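Fold and contact review
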Amino acid sequence: MATIQGAQDVIENNKKWAAQVQAKDPNYFANLAKGQSPKLLWIGCADSRVAVDVLTQTQPGDIFVHRNIANRIPSEDLSALSVIEYAVKHLKVEHVVVAGHTGCGGIKAAMSNDSVGILDHWLRPIKDIYQAHQSEIDALPENERVDRLSELNVIQGVNTVSRLPVVHEAWKEGRSLQVHGWIKQLHNGLLKDLNVSVSGPKQVADIYKLNN
Ligand SMILES: [Zn+2]
């Protein structure tokens, strides 16, 4: 499956790629170095099969990215919050996509009783989502359960992002900002829209709105 055998292969591939790009457009890297103005923030899983640039046919500069195991967005996670704040407040992205994927190992681990070391802590909140929806998930055929929990985890991520103060500030400024929930389907490569997009404060429960 892997097209590289070691780190040196990556360095060599990179040299070839840079030379090809340079030959095609001598100003490409000079222009790219001037700055970035991505329109979309992608919050996805670290899984190597979810290669954002490749599957979206986008170029460097198009998508701001945050990835971790099972695309979690803990509301107290400084790393995720920093990425979201920078993307929304400073880069002024217009879309935040929370993207899960089918066959997610992190979700599978969360549904198991086997310990996976420090990941037990990271995945614990996904167990909570499973427990809250256990009757719905357990009623599904076994091969659909993990992917349904992936969807529910994405929906929770969309809720978390759309409740963040920095997102509400953007809406108060009248800016267009939509939060989406998608699933990358490994079996056919396609993105599935879960149709849970949030585009304004009217779609967020009042308790999450702060006076300032
Ligand atoms: Zn995953």
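In every chain, residue numbers begin from 1 and rise along the written sequence. Where totals are concerned, whole chains, interfaces and linings use all residues; where local detail is concerned, this predicted model gives features only for residues with pLDDT of at least 70, and gives and counts side-chain atom pairs only at 80 or more. Water and hydrogen atoms were dropped before computing side-chain values, which therefore reflect all heavy atoms in the structure.

**A few points about the overall build of the protein**
Numbering of helices and strands runs from the N terminus; a helix is a DSSP stretch of H or I covering at least four residues, while a strand is a stretch of E covering at least two. Looking only at helices and strands, one finds nine helices and five strands in the protein. Beginning at the N terminus, the succession of helices and strands in the protein can be written as α-α-β-α-β-α-β-α-α-α-α-α-β-β. If you line up the protein on its principal axes, its C-alpha atoms span 55 × 45 × 30 Å. Two residues qualify as a contact provided that any one of their heavy atoms is within 4.5 Å of a heavy atom in the partner residue. The contacts of the protein with a sequence gap of at least 6 include a subset with a gap of at least 24, amounting to 62%. Total accessible area computed for the protein in this model is approximately 12,500 Å², and 53% of it derives from carbon and sulfur atoms. Both charge centroids of the protein, one from 22 positive and one from 23 negative side chains, sit 4 Å from each other. Note on areas: Shrake-Rupley with a 1.4 Å probe; residue coverage comes only from the protein chains shown. Here Asp and Glu are counted as negative and Lys and Arg as positive; His is not counted, and neither are the chain ends. Every charge is mapped to an atom, namely NZ of Lys, CZ of Arg, CG of Asp or CD of Glu.

**A closer look at the UniProt feature "binding site: Zn(2+)" (unreviewed entry) in the protein**
With numbering aligned to this structure, UniProt lists the feature "binding site: Zn(2+)" (unreviewed entry) at Cys-45, Asp-47, His-101 and Cys-104. The greatest C-alpha distance among the annotated residues, which extend across 60 residues, is 8.8 Å, indicating that they converge on a single site. With respect to the element layout, Cys-45 can be found in strand 1 (residues 40-45). Within the secondary structure layout, Cys-104 lies in the loop between strand 3 (95-101) and helix 5 (105-110). Here Cys-104 falls in the buried class, since its relative accessible area comes to 1%. The residues touching Cys-104, leaving out its near neighbours within four places in the chain, are Cys-45, Ala-70, Val-146 and Ser-150. UniProt positions are given in the numbering used here, feature names are shortened, and annotations may be inferred rather than shown by experiment. Whether a residue is buried, partly exposed or exposed follows from its accessible area with a 1.4 Å probe, protein chains only, as a fraction of its type maximum: under 20%, in between, or over 50%, in that order.

**What about the sheet that holds strand 3?**
Read from one edge to the other, the open sheet built from five strands follows the order 2-1-3-4-5, with strand pairing classed as mixed. Looking at strand neighbours, the two that pair on one side only are strand 2 (63-68) and strand 5 (191-193), the edges of this open sheet. Each adjacent strand pair in this sheet contributes to an overall mean axis angle of 25°, direction not counted. For helices, the axis comes from a line fit to the C-alpha atoms of the stretch in contact; other axes are also lines fit to C-alpha atoms, and the angle between any two N-to-C directions lies between 0 and 180 degrees. Set on the sheet, helix 4 (residues 78-90) makes contact with strand 1, strand 2 and strand 3; between it and strand 2 the angle comes to about 170°. Strand pairing is assigned whenever DSSP detects at least two bridges linking the two strands.

**Digging into the coordination of the zinc ion**
Cys-45 (SG), His-101 (NE2) and Cys-104 (SG) make up the full set of protein donors to the zinc ion, lying at 2.0 to 2.3 Å. Atoms are scored as donors when they are N, O or S and lie within 2.8 Å of the metal, with 3.2 Å used for Na, K and Ca; no water is included, so coordination may look incomplete. For the zinc ion, all donor residues lie on one chain, and their spacing in sequence is C-x55-H-x2-C. Here Cys-104 lies in the loop between strand 3 and helix 5 and Cys-45 lies in strand 1, a separation of 59 residues in the sequence. Each member of the pair, Cys-45 as well as Cys-104, is classed as buried.

**So, the pattern of salt bridges**
The working definition used for a salt bridge is a side-chain nitrogen of Lys or Arg within 4 Å of a carboxyl oxygen of Asp or Glu. Inspection of every chain in the model, using the stated rule, returns nine salt bridges. Here Asp-128 and Arg-124 are joined by a salt bridge, their closest N and O atoms 3.2 Å apart. In this pair, Asp-128 and Arg-124 are both assigned in helix 6 (residues 119-132), four residues apart and thus about one turn of the helix distant. Overall, Asp-128 belongs to the partly exposed group, its relative accessible area being 35%. For Lys-192, the salt bridge goes to Glu-151, with nearest N and O atoms at 2.8 Å. Residue Lys-192 is found in strand 5, and its partner Glu-151 is found in helix 8 (residues 142-162); the two are separated by 41 residues along the sequence. The class of Lys-192 is partly exposed, set by a relative accessible area of 35%. Within this structure, Glu-136, Arg-148, Glu-151 and Lys-192 form a network of salt bridges that share partners.

**Digging into helix 8**
For helix 8, with 21 residues, the first-to-last C-alpha span of 31 Å sits near the 30 Å given by 1.5 Å per residue. Residues Val-146, Leu-149, Ser-150, Glu-151, Leu-152, Asn-153, Val-154, Gly-157, Val-158, Thr-160, Val-161 and Ser-162 constitute the buried set of helix 8. In a helix, the anticipated span is given by 1.5 Å times the number of residues less one.

**Regarding the side chain of Glu-151**
Overall, the relative accessible area of 14% leaves Glu-151 in the buried class. For Glu-151, the contacting residues outside a window of four places in its chain are Ile-183, Lys-192 and Leu-194.

**Considerations on the pairing of strand 4 (residues 178-184)**
Counting buried positions along strand 4 yields five of seven residues, so the element is predominantly enclosed. Bridge count between strand 3 and strand 4: seven bridges; the pairing is parallel. Bridging from a neighbouring strand, His-101 pairs with Lys-184 of strand 4. Here three bridges tie strand 4 to strand 5, and the two strands are oriented antiparallel to one another. The residue of strand 5 that forms the bridge with Ile-183 is Lys-192. Linkage of strand 4 to strand 5, two consecutive antiparallel strands, is achieved through a turn of six residues, within which Gly-189 is found at a positive phi near 80°.

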